[in-house]
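Summary of the model geometry
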Amino acid sequence: MNEQITAPHWLAVITPKAAPALATSTVLILARIWNANGAEHSIGNAVLMTALSLAAAAAGVCASIGRAGDSVIAGTAFAASGGLALAGVAGYTDGLSLPLLLWVLATAIAYGLAARYWRTDHRDRIAHERQTSARREEHAHIERVEALRAGAQIEVARTGAAYAEQLAQALITRAALPGFDFSALEAAGLPELPSTTSKEH
């Protein structure tokens, strides 16, 4: 019943928590590189990013209100829409103030959305651990009860074997005694052994 407890690596613990910041930072960095390569004040690029962002937002709305109501697809589409909007603004503007402001807002929103899923995952994990612990306790209790029962049965069998051995030894010893009076045994009210009586009669 003893299971090896393994602690996750610290990178495995930190990586999911850092993923929203890494995603928005990557979009900001790539957008600024795009800005340095000629996207600044480019109307065509701004229109393209706006159209892509609106299309992603529309896909998120369709996924959230559709029959299936798939929250994963809707969340992915909205995240893509926000990333495209951030990339468009960061690539189009010439300063860093607005891109950094949008980066902070996008990161805060991403952490707000991720916190909901983290809480749900945490609750599910705690519930699973509780159920697992309850099952382990139940199995351990059953094993203890069965071990006690088996021990009691072994002890009863051992005691019965010892009693049978002592009784057989007593019978042998009594039969070997010279001049043993069976009538005195009956007069005393003690039970008579049929095998011994039949021998005497």
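Nothing here was measured: the structure is a model prediction, and the numbers come from that model. (Residues numbered from 1 in each chain as written. Predicted model: local features only at pLDDT ≥ 70, side-chain atom pairs only at ≥ 80, totals over all residues. Heavy atoms only, no water.)

**Describing the overall build of the protein chain**
Applicable threshold: What counts as a helix is a DSSP run of H or I of at least four residues, what counts as a strand is a run of E of at least two, and both are numbered from the N terminus. We call a residue buried when its accessible area falls under 20% of the maximum for its residue type, exposed when it is over 50%, and partly exposed in between, using a 1.4 Å probe and counting protein chains only. Contact between two residues is taken to exist if any of their heavy atoms lie within 4.5 Å; hydrogens are not considered. The method behind every accessible area is Shrake-Rupley, applied with a 1.4 Å probe, and residues are considered shielded solely by the protein chains displayed.
Within the protein chain one finds 6 helices and 0 strands. Tracing the protein chain from N to C terminus, the helices and strands come up as α-α-α-α-α-α. In the protein chain, buried positions account for 16% of the 201 residues. Considering only contacts within the protein chain whose residues lie at least 6 apart along the sequence, 64% involve residues at least 24 apart. In the form shown here, the protein chain has an accessible surface area of approximately 14700 Å², with 66% of it arising from carbon and sulfur atoms.

**Focus on the confidence of the model for the protein chain**
Note the cut-off: Per-residue confidence from the prediction method is given by pLDDT, with values spanning 0 to 100.
Looking at the protein chain, the pLDDT average stands at 76 and 77% of residues meet or exceed 70. Mean pLDDT across the elements of the protein chain ranges from a minimum in helix α6 (residues 194-200), with 48, to a maximum in helix α4 (residues 97-176), with 85. Segment residues 196-201 is flagged for pLDDT under 50; beyond a separation of four residues in sequence, or across chains, it makes 5 contacts in the model.

**A few points about the side chain of T107**
Residue placement: T107 occurs in helix α4. The contact partners of T107, leaving out residues within four places of it in the chain, are A21 and T24.

**Regarding the pattern of salt bridges**
As a reminder, the rule being used: The salt bridge definition used is simple: a Lys or Arg side-chain nitrogen within 4 Å of an Asp or Glu carboxyl oxygen.
Within this structure, the stated rule accounts for 3 salt bridges. Close ionic contact of E146 with R149 constitutes a salt bridge, the shortest N to O distance being 2.8 Å. Of the two residues, E146 and R149 both sit in helix α4, 3 residues apart, roughly one turn of that helix. When its relative accessible area of 41% is taken as the criterion, E146 is described as partly exposed.

**With respect to the nonpolar core**
The tendency in soluble globular proteins is for nonpolar side chains to be buried as a group. Note the cut-off: Put simply, a nonpolar core is a bunch of buried Ala, Val, Leu, Ile, Met, Phe, Trp, Tyr and Cys residues held in one set by side-chain atoms that sit within 4.5 Å of each other.
One finds L28, A31, M49, A87 and A90 forming the largest nonpolar core, which totals 5 residues. Those elements that provide at least two residues to this core are α1 (10-39) and α3 (71-92). In contact with A87, not counting residues within four places along its chain, are V27, A31, W34 and M49.

**What about a nonpolar patch on the surface?**
For the record, the criterion: Patch membership is restricted to residues that have no salt bridge and whose relative accessible area is over 30%. Joining uses 9 Å for like charges and 5 Å for the nonpolar side chains Val, Leu, Ile, Met, Phe, Trp and Tyr.
There is a patch of nonpolar side chains on the surface, built from I29, L30 and I33 and spanning about 300 Å² of accessible area. Note that I33 resides in helix α1. With a relative accessible area of 45%, I33 lands in the partly exposed category.

**Points about the environment of L96**
Summarising the element assignment, L96 is placed in the loop between α3 and α4. Expressed as a C-alpha distance, the spacing of L96 and R32, which sit 64 residues apart in the sequence, is 8.8 Å.

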